[in-house]
Amino acid sequence: TQFQAAPPKRPADYAALMRALIGRYGPRGSFWRANPAVPKTPIRAWIVWNEPNSLEHWRSRTPWPRGYVRLLKAARAAIKSADPGARVISAGLFGRAWLELAKIYAAGGKGAFDAVSIHPYTKLVSNVVRILRFSRDVMRQHGDGAKPMYASELTWPASIPDLTPFLGYETTRAGQARKLSELFPELVRLRSSLKLAAVSWEAWIDGSTQNPFNFTGLRTIRPDGSYIDRPALTAYRTTTARFEGCAKSDDARRCAG
């Protein structure tokens, strides 16, 4: 299903929500006290909103960069007040993400985030890296070259032949697995130069509806609740196992891909 989202009329309302979430799931959150059997893994990184450069996620008469920066600054103040050690991450940007990121800076966003989130959706594996590099260049131009970057959504919908392609980067199930296997080692190799803090595949499980983004999962769920594994799941397991522990490893050749 498609949905549309609009920013709150008052950024203070969103700020109050962030304080409440940290009060529930932060380091001193009530959730952990109420559920002592659950391993305590407090949330310390918060992505503020999602894809504000899309009308699907930001329907407002105010130009999105200006309105989003207001929301981001209010959210940052609330987050840092509730948990000074938390990391504030700017909303994931898609398309020509580096140009969209420049708009956030132009609207006064510098200093309002600790890290940048990018959604590098594109047809070619090489263009994923290009989008991340261009975005990193924009960060450097504005004095934020030392800040980390998150590729917080990354995928290729495996919707061919089920759906007629229209996004421009749909692929087959085998193509999805191949692209994942090609991309992940490259991101590991470039993680230091790009200052990549994390990469998140979109998504773990999907329902395979008529939306191509419901063909992105490593697994799909049947109507009866059972699962079908896509080839990309095997590719994910194989690739991530190959690089597991690289952050602490001295095996430079393996961790360089």
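Everything here concerns the structure above.
In this report, the structure presented in the accompanying data block is examined. Counting of residues starts from 1 at the beginning of each chain's written sequence and follows it residue by residue. For this predicted model, a pLDDT threshold of at least 70 governs which residues receive local features, and a threshold of 80 or more governs which side-chain atom pairs are given and counted, while totals over whole chains, interfaces and linings are taken from all residues. Calculated side-chain values reflect all of the structure's heavy atoms, with hydrogen atoms and water omitted.

## Structural notes on the overall build of the protein
Stage number 1. Secondary structure elements are taken from DSSP: a helix is a run of H or I of four residues or more, a strand is a run of E of two residues or more, and numbering for both begins at the N terminus. When its secondary structure is counted, the protein shows eight helices and eight strands.
Stage number 2. Only the C-alpha atoms count toward the radius of gyration. The rule for a globule is 2.2 Å times the residue count to the power 0.38. For 257 residues, the compact-globule estimate of 2.2 N^0.38 gives 18 Å, and the protein sits close to it at 19 Å.
Stage number 3. Across its three principal directions, the C-alpha atoms of the protein cover 45 × 45 × 45 Å.
Stage number 4. To sort residues, take the accessible area from a 1.4 Å probe on protein chains only and compare it with the maximum for the residue type: under 20% means buried, over 50% means exposed, and anything in between is partly exposed. Taking all 257 residues of the protein together, the buried fraction comes to 45%.
Stage number 5. Within the protein, counting contacts between residues at least 6 apart in sequence, those at least 24 apart form 64% of the total.
Stage number 6. Each accessible area is a Shrake-Rupley estimate made with a 1.4 Å probe; only the visible protein chains count as cover when residues are assessed. Accessible area of the protein: about 13,300 Å², with a carbon and sulfur share of 54%.
Stage number 7. Counting rule applied: Lys, Arg positive; Asp, Glu negative; His and chain ends not counted. Where a charge lies is defined by one atom per residue type, namely NZ (Lys), CZ (Arg), CG (Asp) and CD (Glu). With 39 positive and 20 negative side-chain charges, the protein shows a separation of 7 Å between the mean positions of the two kinds. Here, two residues are considered to be in contact whenever any of their heavy atoms come within 4.5 Å of each other.

## Notes on the layout of surface pockets
Stage number 1. Estimated volume of the second largest pocket: approximately 400 Å³.
Stage number 2. Along its surface, the second largest pocket is lined by 16 residues, and Phe 184, Val 188, Arg 191, Val 199 and Phe 243 are the ones closest to its centre.
Stage number 3. Contributing elements (two or more residues each) for the lining of the second largest pocket: α6 (173-194), β5 (196-201) and α7 (231-243).
Stage number 4. Residue polarity is assigned by list, with Asp, Glu, Lys and Arg as charged and Ala, Val, Leu, Ile, Met, Phe, Trp, Tyr, Cys and Pro as nonpolar; anything else, Gly included, falls into the polar class. Residues that form the lining of the second largest pocket fall into these classes: eleven nonpolar, three polar and two charged. A 1.4 Å probe that fits into a set of points on a 1 Å grid over the protein atoms alone but cannot get out defines a cavity; an open set with protein on both sides within 12 Å along at least five of seven lines defines a pocket, and lining residues are those with an atom within 4 Å of a point. Grid points are joined across faces, edges and corners, and a volume is the space filled by probe spheres set on the points.

## Quick notes on the pairing of strand β4 (residues 149-154)
Stage number 1. The buried fraction of β4 is high, at six of six residues.
Stage number 2. Handedness of a crossover is defined as follows: orient the strands so they point away from the viewer, and if the path from the first strand over the helix to the second runs clockwise, the crossover is right-handed. For the segment spanning strand β3 (residues 116-118), helix α5 (residues 125-141) and β4, crossover handedness is right-handed.
Stage number 3. Note on pairing: DSSP must find at least two bridges between two strands before they are called paired. Summarising the sheet, β4 and β5 pair through four bridges and their orientation is parallel. Residue Leu 154 lies in a different strand from β5, and its bridge partner there is Trp 201.

## Points about the environment of Arg 189
Stage number 1. Relative to the helices and strands, Arg 189 resides in helix α6.
Stage number 2. At 2.6 Å, the side chain of Arg 189 forms a polar contact with the side chain of Glu 186. Polar contacts, as used here, are pairs of N or O atoms within 3.5 Å; protein pairs need one atom able to donate a hydrogen and one able to accept it. Residues neighboring in sequence count only if both atoms are side-chain atoms.

## A look at the sheet that holds β4
Pairing between sheet strands relies on hydrogen bonds along the backbone, with the strands arranged either parallel or antiparallel.
Stage number 1. Spatially, β3-β4-β5 is the arrangement adopted by the three strands of the open sheet, whose pairing is parallel. The open sheet has two free edges, formed respectively by β3 and β5, since each of these has just one partner strand. Geometrically, the sheet is characterised by an average inter-axis angle of 15° between neighbouring strands, direction not taken into account. Every axis corresponds to a line fitted to the C-alpha atoms, with the helix fit spanning only the stretch in contact, and the corresponding angles, defined between N-to-C directions, vary from 0 to 180 degrees.

## Thoughts on α5
Stage number 1. Helix span, as expected, comes to 1.5 Å for every residue beyond the first. Look at α5: 25 Å from first C-alpha to last across 17 residues, which is about the 24 Å you get at 1.5 Å a residue.
Stage number 2. Considered for burial, the residues of α5 that qualify are Val 125, Val 128, Val 129, Ile 131, Leu 132, Ser 135, Arg 136, Val 138 and Met 139.
Stage number 3. Considering only its buried residues, α5 is in contact with α4 (97-106), β3, β4, α6 and β5.
Stage number 4. In the stretch just after α5, Gly 143 is the one whose phi turns positive, near 80°.

## Considering the pattern of salt bridges
Stage number 1. In what follows, salt bridge is the name for a side-chain nitrogen of Lys or Arg lying within 4 Å of a carboxyl oxygen of Asp or Glu. Under the criterion given, the structure shown has twelve salt bridges.
Stage number 2. Of the charged contacts, one joins Glu 100 and Lys 103 as a salt bridge, the two residues approaching to 3.4 Å between their closest N and O atoms. Separated by three residues within a single helix, Glu 100 and Lys 103 lie in helix α4, roughly one turn from each other.
Stage number 3. For Lys 103, a relative accessible area of 37% translates into the label partly exposed.
Stage number 4. Across the pair Asp 144 and Lys 110 runs a salt bridge whose closest N-O atoms are separated by 3.1 Å. Here the residue Asp 144 occupies a position in the loop between α5 and β4, and Lys 110 occupies one in the loop between α4 and β3, the gap between them amounting to 34 residues.
Stage number 5. Put simply, Arg 76, Lys 80 and Asp 114 are held in one network by salt bridges that share partners.

## What about the packing of helix α3 (residues 64-82) against α4?
Stage number 1. Where α3 contacts α4, the two axes come as close as 8 Å, and the packing angle between them is 65°. With respect to the hand of their crossing, α3 and α4 are arranged in right-handed fashion. Taken together, the residues of α4 that come into contact with α3 (itself represented by Trp 64, Pro 65, Tyr 68 and Val 69) are Glu 100, Lys 103 and Ile 104.
Stage number 2. Class assignment for the residues of the contact of α3 with α4 results in five nonpolar, no polar and two charged. By definition, turning the near helix anticlockwise from the far helix through less than a right angle yields a left-handed crossing, and turning it clockwise yields a right-handed one.

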